[in-house]
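Results of the structural survey
Here is what each chain is made of, one letter per residue.
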Amino acid sequence: MTELTDDVVKENLEALSSPDLSGDALLEHTTAMVGYHYTVDDYYEVGREEVRKHATAVQDAHPTHWSEAAAAELGHDTLIAHPTYVSVLGIIAQRKLFEEVVTGYDLWQIMQTDQRLVYHQPMKVGDRLICDVSLDSFRRITRPAADGAEPEAIDLMVTKNVIWNQHDEPVMTTWTSLAARPGLEVPAELAESLDHVMMKVDAYGKPGKTVEREGGRYDLPDPTERPGPYAAIDFDTLTVGQELPPKTFLLTRGNLANYAGVAGDPNPIHFSDHVIAAAVGMDDVVAHGMQTMGLGATYVSEHIGDPAAFCEYNVRFTSPVYVPADDSAAVEFTAKVKSLDPETRRGTIALTAKQDGRKIFGRANVVVQFN
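A brief look at the structure comes next. Given the structure is predicted, the values throughout are model-derived calculations rather than measurements. (Residues numbered from 1 in each chain as written. Predicted model: local features only at pLDDT ≥ 70, side-chain atom pairs only at ≥ 80, totals over all residues. Heavy atoms only, no water.)

**Focus: the packing of aromatic side chains**
Applying the stated rule across the entire model yields 7 aromatic pairs. Taking the centre distance of 5.7 Å and the plane angle of 85° together, the rings of Phe249 and Phe333 count as edge-to-face. Linking Phe249 in strand 8 (residues 243-251) with Phe333 in strand 10 (residues 329-341), this pair joins segments that are 84 residues apart in sequence. In terms of burial, Phe249 and Phe333 fall into one category: buried. Each member of the aromatic cluster is reached from another via a ring pair, and the members are Phe249, Tyr299, Phe317, Phe333 and Phe361. The positively charged end of Arg116 is found above the aromatic ring belonging to Trp175, 4.7 Å away from the centroid. (Phe/Tyr/Trp six-rings, centres within 6.5 Å; stacked < 30°, edge-to-face > 60°. Helix = DSSP H or I, 4+ residues; strand = E, 2+ residues; numbered from the N terminus. Buried < 20%, exposed > 50% of the residue type's maximum accessible area, 1.4 Å probe, protein only. Lys NZ or Arg CZ within 6 Å of the ring centre and 35° of its normal.)

Below, the structure written as structure tokens:
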């Protein structure tokens, strides 16, 4: 693996600005970036109120996210972040990747297709998180177009984050699969309209470099540590095929706006009817993929006793959750125990999520370390 230094980034940006760079050259460039790594310059500190804000955004009232006294009763020394809190950190960590490395894609053209979270220990208040980022894989596929039109190119990429705390202990490893359409020409009038919709920031402050990493880290094997059971329920109370009681969550445009602010996600497909109708072609404004994944984690947490016992959570997103302007969107969750391992006392819970009878997850599993 190769470290993505500032000099390498500068060379890549100069190459991308070349006037004779063709689509094939852009494809070659991005393919060559697979395997490059960098560490985010500034650590991310998990704050008490931020944990609560995120829990609100994913509708989670579990006491480990709200009350130090209740968290202590479950064996925690402070508040524990929700299992999908990493979404807040992820956007910050990957900003450099999409601004300086994997360039050529507009934000509203990128769709999340899969998310895999592997937990090494729970995130908690006071953690100073350090993130190593890489482009794990990239490939372009060609999809036949209807009515004799030109075939459509789709770029598929996987980004990887390995997250550590200030004690150099692994906290989480994540893989995010994305699909993007390269080379789309945006009409001038639409580009101007989009400019009036996208979030405006006059200038980002510069926190400076607070993280220094030793050379050679990127060649180390991925962390394999897994969290303990904490206050999770007893393994022996579970049976394969056992079903969790169903639950329905409601989402409104207000929920979407709140989540966008908490997660720092400015993508207008989550709030702009104009972008949806004119640029993307979706039926309506859509919920964030990590928002619906967060609701799923909330649902599972209510039944396992302690969200700190999540070992892995992976979801394939197959259909968006549409949220109308004048009504609520109902997302219905069901789940059952898929498998149990007596040796490790871990179990896998298979999760189903639907809107109006339509599946929004193609595959969704939570691996839990039970007592």
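**Regarding the packing of helix 5 (residues 86-93) against helix 8 (residues 253-263)**
In a packed pair of helices, the relevant descriptors are the angle between the two axes and the axis-to-axis distance. Orientation of helix 5 relative to helix 8, taken along the N-to-C sense of each, is 60°, at an axis distance of 8 Å. Classed by the angle they form, the pair helix 5 and helix 8 counts as oblique. Only Tyr259, Val262 and Ala263 of helix 8 make contact with helix 5, whose side of the interface consists of Ser87, Val88 and Ile91. Split by residue class, the contact of helix 5 with helix 8 holds 5 nonpolar, 1 polar and no charged. (Axes fitted to C-alpha atoms, helices over the stretch in contact; angles between N-to-C directions. Parallel < 35°, antiparallel > 145°, perpendicular 65-115°, else oblique. Contact = heavy atoms within 4.5 Å. Nonpolar A, V, L, I, M, F, W, Y, C, P; charged D, E, K, R; others polar.)

**Concerning the pattern of salt bridges**
Here the structure, examined in full by the defined rule, presents 18 salt bridges. Taking the shortest distance from any N to any O, the salt bridge between Arg345 and Asp234 comes out at 3.2 Å. Taken together, the residues span a long stretch of sequence, with Arg345 in the loop between strand 10 and strand 11 (346-355) and Asp234 in the loop between helix 7 (188-197) and strand 8 at a distance of 111 residues. Its relative accessible area of 26% is what places Arg345 among the partly exposed residues. Through salt bridges with shared partners, one network takes in Arg48, Glu49, Arg52 and Glu68. (Salt bridge = Lys/Arg side-chain N within 4 Å of Asp/Glu carboxyl O.)

**Quick look at the packing of helix 3 (residues 48-57) against helix 8**
Here helix 3 crosses helix 8 at 150°, and the two axes come no closer than 9 Å. One element, helix 3, and the other, helix 8, form an angle in the roughly antiparallel class. Here helix 3 and helix 8 pass one another in a crossing that is left-handed. Residues Lys53, His54 and Ala57 of helix 3 form the contact with helix 8, whose own contacting residues are Asn258, Tyr259 and Val262. Residue composition of the contact of helix 3 with helix 8, grouped by class: 3 nonpolar, 2 polar and 1 charged. (Left-handed = near helix turned anticlockwise from the far one by under 90°.)

**A word on helix 8**
Of the residues making up helix 8, those classed as buried are Arg253, Leu256, Tyr259, Ala260, Val262 and Ala263. Of the residues trailing helix 8, Gly264 is marked for its positive phi of about 70°.

**A short note on the pairing of strand 7 (residues 170-180)**
The buried fraction of strand 7 amounts to 11 of the 11 residues, a majority that puts the element mostly inside the structure. Pairing geometry for strand 4 (residues 110-119) and strand 7, over 9 bridges, is antiparallel. Directly across from Ile110, in strand 7, lies its bridge partner Ala180. Note that strand 6 (residues 152-164) and strand 7 share 10 bridges and pair antiparallel. Each bridged residue has a counterpart across the sheet, and for Lys160 the counterpart in strand 7 is Trp175. Turn length for the strand 6-strand 7 hairpin, with the two strands adjacent in sequence and antiparallel, is 5 residues, and the turn residue Asp168 shows positive phi of about 65°. (Pairing = 2+ DSSP bridges.)

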